[in-house]
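# Coordinate inspection notes
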Amino acid sequence: MLKKLSFVLLLLLSAQMISQEITGTVSDADGPLPGASVFVEGTSNGVVTDFDGRYSLKGVSNGATIIFSYVGYSRQEINYTNQTVLNVTLQRDLVSLDEVVLVSYGKQRNTPVSVVDGEELSEFPTTDIGQALQGRAAGVTITNGGSPGSQTLIQIRGVNTFGDGTPLFVVDGVFTNSINSIDLASIEKIDVLKDAASLSVYGSRGTNGVILITTKKGKVGNASFTVNASSGVQEFNDRYDVLNTQQYIQFLREVNALAGQQGGPDFPVDRINLDPNFNGNGVDTNWQDAYFRQAPINNISANVNGGSEKARYNVGFSRLDQQGIFIDTGFSRTTLNINTDAKISEWLDIGQTLSLGHNRTVSPERDGGRDPFQNILGMAPYIEVGNPVDGFGGTTELDLNDSRNQIRIQNSQDNLTRFSSAIGSVFVNAKIFDGLSFRSQFGLNASLLLQDNERRAFAELGTFANPINFVDKIRQTTTQTIFTNTLAFDKDFGKHSVNASAVLEQTQINFESGLLSDNQEISSEIPEIFSPNASSLSFSVPENLNSVLFLAGYEFDNRYSISGSGRRDTSSRFSPENASQWFFSGAFGYDISNEKWFDIDFINSFKFRGSYGETGNNRTGNVVNQFLPTLGLNLPTVLNDVVVPGISPNNAANPDLRWETQIKQNYGFSSGFLYDQIQFSMDYFKNRSEDLLIPVELPSSAGIPGNSQTGATVIRNVGIVDVEGLELTLGYNDYKGEFKWNFWANVTRAEARVERLGLAGEPIERARLNPPFASALNRLAVGEAPFHFFGLVADGVYSTQAEIDEALPNNGNTAVPVQPGDVRYRDINGDGLIDLDDRAVIGNPNPDFTYAVNLRADYRGWDFDVLFNGVQGVDILNSNVFYLEGLDNGLNYGTQVLRRWQNPGDITDIPRFRFGNNINNEISSRYIEDGSFLRLRNVTVGYTFPNTMVNKSGNGFLKKFRVYAQGQNLLTFTNYSGLDPEVAPFYNAAGLVDGLGIDRSAQPRPITVVTGIQLEF
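Thresholds, definitions, all that
Residues numbered from 1 in each chain as written. Predicted model: local features only at pLDDT ≥ 70, side-chain atom pairs only at ≥ 80, totals over all residues. Heavy atoms only, no water. Helix = DSSP H or I, 4+ residues; strand = E, 2+ residues; numbered from the N terminus. Buried < 20%, exposed > 50% of the residue type's maximum accessible area, 1.4 Å probe, protein only. Contact = heavy atoms within 4.5 Å. Areas by Shrake-Rupley, 256 points an atom, 1.4 Å probe, with all protein chains shown as cover. Salt bridge = Lys/Arg side-chain N within 4 Å of Asp/Glu carboxyl O. Pairing = 2+ DSSP bridges. Phe/Tyr/Trp six-rings, centres within 6.5 Å; stacked < 30°, edge-to-face > 60°. Lys NZ or Arg CZ within 6 Å of the ring centre and 35° of its normal. Patch = residues over 30% accessible without salt bridge, like charges linked within 9 Å, V, L, I, M, F, W, Y side chains within 5 Å. 1 Å grid on protein atoms, 1.4 Å probe; cavity = no way out; pocket = protein on both sides within 12 Å on 5 of 7 lines; lining within 4 Å. Points joined across faces, edges and corners; volume = space filled by probe spheres on them. Nonpolar A, V, L, I, M, F, W, Y, C, P; charged D, E, K, R; others polar. Expected span 1.5 Å × (residues − 1). Arc of directions from axis to C-beta. Polar contact = N/O pair within 3.5 Å; in protein donor to acceptor, adjacent residues only side chain to side chain. Core = buried A, V, L, I, M, F, W, Y, C linked by side-chain atoms within 4.5 Å. pLDDT = per-residue confidence, 0-100.

### Comments concerning the overall build of the chain
Within the chain, the secondary structure is distributed over 12 helices and 57 strands. Evaluated residue by residue, the chain yields a buried proportion of 55% over its 1017 residues. In the chain, the proportion of contacts linking residues at least 24 apart, taken out of those at least 6 apart, comes to 71%. Working note: accessible area of the chain is about 42,500 Å², and carbon and sulfur atoms make up 56% of it.

Rendered as structure tokens:
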């Protein structure tokens, strides 16, 4: 009996020695992670961390593998070797899901936040944050111009406004739009806020979404020094197929045969008419090849980080140089980031953030009212670019061709923009008692824009020689100060967690602008304003925004949570009686997986959420006080042979102007399966924007000057638009063994419809591109998608007069009847003739859905990353079709005009040559194409040398040594006939988005290949 008891006791002691209890804390870079999963691989033995991230796990055998996981973080595996305390810090995935976010004013619960880790973004040598975010966050659609430094359009959950749809950027608590001045290597993480609960906190600025940018802060430990450097080339080899010299001359001979006839030119082209044997003199210039080039891109960044328990610091520097694939275009950026914080005492912390940036952008030049590519495509191929003896080549009066030599334009004109910015803050955080703190922060966002446009005098062997030097200089300064005082309470009471904030915030903005112009014949080598012809204009606009905010949240037992906020904004953009408005929100969350009765082994997290709230918008374009009239010297007149100034209104004031308001709803859930190895999230959202602010055209009888295309406009609250959509995000993480990989995919569908436009509901025309089109390109109309394309519906080309007589019995009643060879348009209203009353909706630039797929893998030091993103069901108005098929003058065209209609009976889709403005080139479905695409956005392959090799070669001084190669925009799958289906946004003179999906020959995104190195000391 004693032997048996001894044997049982020995077994119990052995089991106790073999099976241990482990305690510890699971956290991330910002602090503890409540609700993280801790389990022993291959068993059902697992727990979740408490409110402070602590856990206790019993029955762990020596040699077992313990897995730590949390939604939105990379899973970590640790081989257990009899430790009793095991603390773990988890790292975020590249794109993760979160429901608790630290907004500028406190903790916000139950919000679907897309989190993008800055460490991965630092590998992308791009000019702005928008390009790096492309495809990496659900619900975010990004369209950037291919020209370096060009403006990027970021839309969050569709078109929510008719005006400025740019989201609010918040850099360390400071509001800004100067994201081109921020280096990706300086960013710790990016939070994309999309739903009512998080956006209502920002009130008047949250309508279009909020992007929180957190820059790197100092960490406790010895100083670390990191260097990232990359260098590469950019190239774009696609070209439009245009007529060569032989084909072009033959085309001109055929045009000459039409001279004097109806639809033909009044006079023949003398270049051909006077010399029937003209063959181009052996010249066959490829103007596209002359305009494109292989362009280098270089980027370097360095960072120093360190500190003690009392004080921490982070200092970063970067330099980016990117040449454009169009000649004489490029972008450069230099940045400096300095962040420090110090613990003065147990109850007092102080700190500061500072981001300095200086950009230099050289943009493509326009001349004669034409986009560069219209000159490039239309130039006669028998004209030389130029030579050192004769100068630049050009067409003369002998040619029926008025294209400018775009190479000369780029050489003789300057379009230079320099932009300097400072984004910084100083703050004091005082701990009053446990759970209650007071934070006071003063933020500054200041910028200086210098824009120099010079059109130098030039000599050209053609029509467009110019002896005068024109200089325009724009000088703009913007200073924004933000003073925020926050009293915050955040404390746990057993199973109860409570947080609340009360905020007072004052924002002051001052915008000053000056324009100097000069023209003189003295010298093109003096790009300054000094002659008696000089003129100047300046103005300044102050703006104030005063806000009060209340924010609160409660959570019980890590299961049930609610939160709410109320914000009151008072804006100087509106009259005193309309200046103030409250914005409220509420949200709830229910984590069903933490219920005791919820016992499903393969589901370790499942949380429902919902929110309802209001946001506002006070963006009325570049001119701030639209409710007040102003006077200016706009109408000079001549009295007694003397020019005297004439005073007229500068703007059409609207004293009834009021806030644009948006009501947002969001309902969804997040889930994790197999200990978060599989993660899935779904959100349904519905946004309703009311009292939309939009510029409305006024008749000329209003007596207010306007621009040459739209005339005078007035900002009015005229519309309601509804947006309804769905976001899906799926992730899979496999971190077992030496080969580790993960997969992320997201899909977003957002459908927008205009529900109301003013009292009469009349459609509002928007974007214009004149030349070449006299009509508006798109419009807003009740029941339709915002910015939809509106025009005639093309259905081939009339082959014979009999076809016309059958389809259009009243064709003879029009001023210019349709003839064989003209475009066949559908008679929508059935009146037997074709005119502008037959226009219909012909396209929608808003996509049916967007999607992205990201794959990452690691194996023995090798890492691999590939990102696809795509857009489906989007229409593009391709203005290049006019440049290639317009057939209304003697410019060069695409080779498709060789199969144009020329004789009765010809069956083709290319109309006849018809000189001058004509209905064949009216806005129609001829220009509308499917712009859907799938793009291989990024491929990166890297290798990190083993620590044993690095430490041996560097004697322990070098901590990390990684080399990588990267390709961007390597493949694009699309049916679009233009150079790039990713079309840059179209902006009007007021700086507002005027239209989407209009291809006006922007610079395409190049294929980019870079190699880089990352070092850490």
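### Section: the environment of Ile919
Inspection of the secondary structure puts Ile919 in the loop between helix H11 (880-885) and strand E51 (928-930). You can call Ile919 partly exposed: its relative accessible area is 23%.

### Some thoughts on the pattern of salt bridges
Scanning the model with the defined rule gives 48 salt bridges in all. Asp183 serves as the salt-bridge partner of Arg333, at 3.6 Å between the closest nitrogen and oxygen. Of this pair, Arg333 sits in strand E22 (residues 330-345) while Asp183 sits in the loop between strand E16 (174-176) and strand E17 (187-193), placing them 150 residues apart in sequence. Comparing Arg333 with Asp183 shows no difference in burial state: the two are buried. Between Arg475 and Asp452 there is a salt bridge, and its shortest N-O distance comes to 2.9 Å. Linking Arg475 in strand E28 (residues 469-493) with Asp452 in strand E27 (residues 436-455), this pair joins segments that are 23 residues apart in sequence. Overlapping salt bridges, with partners in common, bring together Arg418, Asp452, Lys473, Arg475 and Glu528 in one network.

### Notes on the sheet that holds E51
By way of backbone hydrogen bonds, the strands of a sheet pair with one another, either parallel or antiparallel. Pairing within the open sheet is mixed, and its 3 strands lie in the order E51-E50-E56. Single-partner strands in this sheet number two, and they are E51 and strand E56 (998-999). Pairing between strand E50 (residues 875-878) and E51: 3 bridges, direction antiparallel. Each bridged residue has a counterpart across the sheet, and for Ile876 the counterpart in E51 is Glu929.

### As for the packing of aromatic side chains
In the structure shown here, the tally under the stated rule is 38 aromatic pairs. Ring centres of Phe849 and Tyr851 lie 5.9 Å apart, and the angle between their planes is 45 degrees; this geometry places the pair in the tilted category. The class for Phe849 is partly exposed, based on a relative accessible area of 30%. Overall, the relative accessible area of 22% leaves Tyr851 in the partly exposed class. With 6.0 Å between their ring centres and 75 degrees between their planes, Phe882 and Tyr883 make a pair best called edge-to-face. Taken individually, Phe882 and Tyr883 each receive the classification buried, so the pair is uniform in this respect. By way of ring pairs, the aromatic residues Tyr248, Phe251, Phe278, Tyr382, Tyr893, Phe913 and Phe915 are connected into one cluster. The lysine or arginine in question, Arg926, covers the ring of Tyr927, its NZ or CZ lying 5.7 Å from the ring centre. Over the ring of Phe933 we find Arg935; its NZ or CZ atom is 5.5 Å from the centre of that ring.

### Quick look at the environment of Ser547
The topology assignment puts Ser547 in strand E30 (residues 535-556). Taking the C-alpha atoms as reference, Ser547 lies 5.1 Å from Glu505; in sequence the two are 42 residues apart. Contacts of Ser547, omitting those with residues within four sequence positions, involve Val503, Leu504, Glu505, Arg567, Arg568 and Asp569.

### Digging into the pairing of strand E15 (residues 168-171)
For a regular strand, the rule is simple: side chains alternate between the two faces of the sheet. Burial of E15 is two-sided: the residues Leu168 and Val170 facing one way and the residues Phe169 and Val171 facing the other way are all buried. Relative to strand E18 (residues 210-215), E15 runs parallel, the two sharing 4 bridges. Note that in E18 the partner of Leu168 across the bridge is Val210. Pairing between E15 and E16: 3 bridges, direction antiparallel.

### Description of the sheet that holds strand E43 (residues 778-780)
Strand order across the open sheet formed by 4 strands is E42-E43-E44-E47, with antiparallel pairing between neighbours. Either end of the sheet is taken by a strand with one partner, and the two such strands are strand E42 (764-765) and strand E47 (840-843). Pairing of E43 with strand E44 (residues 788-791), which is carried by 2 bridges, proceeds in the antiparallel orientation. Following the sheet pairing, Asn778 is matched in E44 by Phe789.

### Details of a nonpolar patch on the surface
On the surface, Tyr313, Val315, Phe317, Leu336 and Leu356 cluster together into a nonpolar patch covering about 360 Å² of accessible area. Looking at the nonpolar patch element by element, the count peaks at 3 residues for strand E21 (residues 311-323). Residue classification places Val315 among the partly exposed positions, given a relative accessible area of 32%.

### Describing the pairing of strand E6 (residues 65-69)
A large share of E6 lies buried, amounting to 4 of its 5 residues. Relative to E6, strand E3 (residues 37-40) is paired through 4 bridges, and the arrangement is antiparallel. Across the sheet, Ser37 pairs through a bridge with Ser69, a residue of E6. Pairing geometry for E6 and strand E7 (residues 76-79), over 4 bridges, is antiparallel. For Ile66, the partnering residue across the bridge sits in E7 and is Ile78.

### Looking at empty space enclosed by the protein
On inspection of all chains with the given rule, the structure shows 11 cavities of 30 Å³ or more. What the largest cavity holds in volume is close to 390 Å³. Looking at the largest cavity, it is lined by 32 residues, and the ones nearest its centre are Thr141, Ile142, Thr143, Pro847 and Val871. Where the lining of the largest cavity is concerned, the elements lending two or more residues are strand E13 (140-144), strand E14 (152-156), strand E41 (739-757), strand E48 (849-859), strand E49 (862-872) and strand E52 (933-944). The leading source of residues in the lining of the largest cavity is E13, at 4 residues. Taken together, the residues of the lining of the largest cavity break down into 18 nonpolar, 12 polar and 2 charged.

### Side note on unusual backbone geometry
Despite not being glycine, Arg157 has its phi angle at roughly 60 degrees, a positive value. Turning to its location among the elements, Arg157 is positioned in the loop between E14 and E15. What makes Arg157 buried here is its relative accessible area of 2%. A positive phi is found at Asp691, a non-glycine position, where the angle reads about 55 degrees. Judged by relative accessible area, which is 25%, Asp691 ranks as partly exposed.

### Concerning helix H5 (residues 245-256)
In an α-helix, one full turn covers 3.6 residues, which means residues spaced three or four apart are oriented alike. Its 12 residues give H5 an end-to-end C-alpha distance of 16 Å, which sits within 8% of 16 Å, the value for a rise of 1.5 Å per residue. Among the residues of H5, those classed as buried are Thr245, Tyr248, Ile249, Phe251, Leu252, Val255 and Asn256. The arc that holds every buried residue of H5, seen down its axis, measures 155 degrees, which confines them to one face. Put simply, Asn244 is the residue that caps the front of H5, since its side-chain oxygen is 3.2 Å from the backbone nitrogen of Gln246.

### Focus on the nonpolar core
Core analysis: the biggest nonpolar cluster contains 51 residues, and Phe251, Phe373 and Tyr382 have the highest contact counts within it. Those elements giving two or more residues to this core turn out to be H5, helix H7 (287-291), helix H8 (372-378), E47 and H11. In this structure Phe373 touches Tyr240, Gln288, Tyr291, Phe292, Phe326, Leu979 and Ser1001, once residues within four positions along its chain are discounted. Grouped together as the second largest cluster of nonpolar side chains are 38 residues, Val140, Leu168, Val171 and Leu549 included.

### Looking at the environment of Thr944
Its place among the elements puts Thr944 in strand E52. Using a relative accessible area of 25% as the deciding quantity, one classes Thr944 as partly exposed. Not counting residues within four places of it along the chain, the set of residues in contact with Thr944 comprises Gly861, Asp863, Lys960, Phe961 and Arg962.

### Examining the confidence of the model for the chain
Averaged over all residues, the pLDDT of the chain equals 85, while 89% of them reach at least 70. For the chain, per-element mean pLDDT is lowest for helix H1 (residues 2-18), which scores 45, and highest for E51, which scores 97. Across residues 5-18 the pLDDT falls below 50, and counting only partners more than four positions away or on other chains, this stretch makes 4 contacts in the model.

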